[in-house]
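Geometric and topological summary
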Amino acid sequence: MKKIQRLRNAVMVSLFAGTTVVWGGTAFAAEDLQEFALDDMVVTASRVPTQKVDTPANINVITREEIADQNYASASDALRAIPGVNVLGSGAKGSSMGQDKILLNGDERVLVLVDGRRMNLGSSGNSSADWLPPVNAIERIEVLKGGGSALYGTDAVGGVINVIMKKGSEIGNHVTVKAAGGSWNAEQYAISASGSNDSGLGLIVSATKERRGEYKFKNANGKSQLLKNSGYDDTGVIVKLDQKVGEDNRIGVNFEHINADGGSPFGYSGFGNTDSHKRISNNVALRYDWNESSDERGYVQVYKNYQHAHFRSPVASRQSNFTDSTIGLEAQQNFKFSDTDELTVGLEYYKTTVDNTSLYTGERDINNKAIFAENRWEFAPSWQLNTGLRYDHHSKYGSEVTPKVALNKKFDENSNVYLSWGRVFNAPTTDDLFWYQPGMYPTYGDPNLKPEKGYVWTFGGNTKLNDKTDISASVFYSDIKDAIDWVWDGGTTTQAINVNKEKRRGLELSLNHDFDDNLSAYASYTYVQVKQDKGYGFAKDLTTKPNIYRAGLKYKNADWLFTLNANAVTGQSEKNFVDSSYFTLDLGAQYKINDNAKLFINGYNLTNARYAEFGGLYKNGEAKYPMAGRSFIIGAEYTF
């Protein structure tokens, strides 16, 4: 046992030291300590439940308890707390096309799933952070960082986010209502009802309403400024029905609706007050699971996603009106050959049709067929080898094979170290291929673009130093050929091109400490560097945030809950950001009146920092998408 502990410590020390020397930094990666347990089951890394300590991947989990403790207003707010995650948003929610992307390890090529089904748009290849399900219907969110193409195909170059919804049959019979209000006439309302009966029928219904007026931000002169036309009004509804069939099978159907409306104050030359946006999302899915509690579980799922976005403006070059509709089919089966060997196989088909009257010359569609397999083999005590292979046939680019190999060494039930390598494949989107926007600021896609291809390495480990302290570390490196980028010619025209090469490297380190039964803390550092070669040698991507620091405290007893979360960024390019660094501080307090009721207050950006998530400046030195200044929300929640 002592030899194993010494080996474990040596490996973890080497990993920490290696990341410090090779990558030029020191680090800690954030997860709430009370939620951090290496024996938690995770689904996303292997598409079937596996213990986290047996998973050779960098994966974080946001639990239902964490969502409740932090009183997050949206899933995108919850994601912002995870190391290595950036949401390219602004204070004006969902106000500009493509500006609310989710990045993992500085990469926007991220696949977003809801209960395992693909949510990415065929038009942009992304899934808007503002189109995620309401938080009161979410059981957990799993964030997998690193190449996922071997199991998930295109869009999974930077990683995968899987939003797992609650089941009415598993959370009991109750109704929860929530109301909150605060700065800039903000209002938040939510109601959810769930229940089940003796025959195994479960139902959950969730509805949310969030609206807010124009917000203030700190401008380039350091003064608070009201951003005209930045209000929004969002509504979301979830209905999920599941029925147990026999002893161990289940059939489920769910419907998701989002209606978002608001101003779009961002133009090409500064802030404006004439543009607006309206977004509608309607998704429906039918799923059948068999052998749910068995090692040889499987499922089949059919779904249809529908998104409509209308960006209105008197300036033709800023208009867009499109629908993006996807139909899909998935099937998967797991086989347990022995206690040390199992195999997951599956198939996937989806077709996306995009009708964009503003930016395309006609309706466009793409489809993809795929089969995949992953074998997990414990070839020696505490050593596991995962090998995966996926075959895709894309309607525009033909066939592609993406393999993956991952090695995991488990020292004990609280410690592991892993190394993974995988090929990645990312097909151009319909925007990349077919965008055709002549006018004052011409923007054009290229139907002759090549798909992006490359590989991703990840090396990491997790360990529990003692009963109170956990640490984890990972480094990653990716090399992509024919990476797709949109390039401005220096005049008025923007064009989609294949970059010669793109290299991405980074690290993530974390420390979580439990002082006692009530007080816990976390600290984190994430480093990302992106370089592109556009034919003139490699140069840094100056829109990347290179150094992100996060830290926090949490105190919780029977009646009170206090949270303090700090976020800092350094090393930003002042050619693309107002400042090279910034620091924000969020504070939350919650009082539990009784078992059914609580009061809460949250303060955001208490330092009133001037910052932006999205890189880019206007000629007057203002950030293109400034984040909101200091704000407060106070509310109450009651369950009966």
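Summarised in this report is the structure supplied together with it. The model shown is predicted, which means the values in this text are computed figures rather than measured ones.

**Details of the sheet that holds strand β3 (residues 58-63)**
What the five strands build is an open sheet, ordered β3-β8-β9-β6-β7; its pairing is mixed. The sheet terminates laterally at β3 and β7 (117-118), the two strands that pair on one side only. Sheet topology places strand β6 (residues 110-114) next to strand β9 (residues 159-165); five bridges connect them, and they run parallel. Paired with Leu113 across the two strands is Asn162, which belongs to β9.

**Topic: the side chain of Gln332**
Relative to the helices and strands, Gln332 is located in strand β19 (residues 320-338). A distance of 2.8 Å separates a polar atom in the side chain of Gln332 from a polar atom in the side chain of Arg47. Look past the residues within four positions of Gln332 in its chain and what remains in contact with it is Arg47, Val48, Trp290, Gly298, Tyr299, Thr344, Val345, Gly346 and Phe372.

**Here's the deal with the pairing of strand β37 (residues 597-604)**
Inspection of the sheet shows strand β36 (residues 582-592) paired to β37 by six bridges, in the antiparallel sense. Each residue of the ladder has a partner; that of Gly588, found in β37, is Asn602. Counting the residues in the hairpin turn of β36 and β37 gives four residues. One ladder, built from eight bridges, connects β37 with strand β38 (residues 631-639); its direction is antiparallel. Within β38, the residue paired with Leu599 across the bridge is Ala636.

**Some thoughts on a negative patch on the surface**
On the surface, Asp295, Glu296, Asp339 and Glu378 cluster together into a negatively charged patch. As for its placement among the helices and strands, Asp295 is situated in the loop between β17 (276-290) and β18 (298-312).

**What about the pattern of salt bridges?**
Here the structure, examined in full by the defined rule, presents 36 salt bridges. One salt bridge connects Arg64 with Glu139, and the closest N-O pair in it is separated by 3.5 Å. Linking Arg64 in helix α2 (residues 64-70) with Glu139 in strand β8 (residues 138-145), this pair joins segments that are 75 residues apart in sequence. By relative accessible area, Arg64 is classed as partly exposed at 36%. Residue Glu637 pairs with Lys598 through a salt bridge whose shortest N-O separation is 4.0 Å. Of this pair, Glu637 sits in strand β38 while Lys598 sits in strand β37, and the two are 39 residues apart along the sequence. Residue classification places Glu637 among the partly exposed residues on the basis of a relative accessible area of 23%.

**Section: the nonpolar core**
If you look at the biggest cluster of nonpolar residues, it comprises 26 residues, and the most contacted ones within it are Leu79, Ile102, Ile141, Val143, Ile161 and Val163. At the level of elements, α3 (75-79), β4 (85-87), β5 (102-104), β6, β8 and β9 are the ones that each hand at least two residues to this core. If we ignore the near neighbours within four places in the chain, the residues touching Ile102 are Leu79, Val85, Asn86, Asp107, Glu108, Val110, Val112, Ser127, Ala129, Leu132 and Ile161. The next biggest cluster of nonpolar side chains, apart from the first, holds 13 residues, and it includes Ala45, Val61, Val160 and Phe372.

**Concerning the environment of Phe311**
As for its placement among the helices and strands, Phe311 is situated in strand β18. For Phe311 and Ala380, which are 69 residues apart along the polypeptide, the C-alpha to C-alpha distance reads 57 Å.

Criteria and thresholds
Residues numbered from 1 in each chain as written. Predicted model: local features only at pLDDT ≥ 70, side-chain atom pairs only at ≥ 80, totals over all residues. Heavy atoms only, no water. Pairing = 2+ DSSP bridges. Helix = DSSP H or I, 4+ residues; strand = E, 2+ residues; numbered from the N terminus. Polar contact = N/O pair within 3.5 Å; in protein donor to acceptor, adjacent residues only side chain to side chain. Contact = heavy atoms within 4.5 Å. Patch = residues over 30% accessible without salt bridge, like charges linked within 9 Å, V, L, I, M, F, W, Y side chains within 5 Å. Areas by Shrake-Rupley, 256 points an atom, 1.4 Å probe, with all protein chains shown as cover. Salt bridge = Lys/Arg side-chain N within 4 Å of Asp/Glu carboxyl O. Lys, Arg positive; Asp, Glu negative; His and termini not counted. Charge placed at Lys NZ, Arg CZ, Asp CG, Glu CD. Buried < 20%, exposed > 50% of the residue type's maximum accessible area, 1.4 Å probe, protein only. Core = buried A, V, L, I, M, F, W, Y, C linked by side-chain atoms within 4.5 Å.

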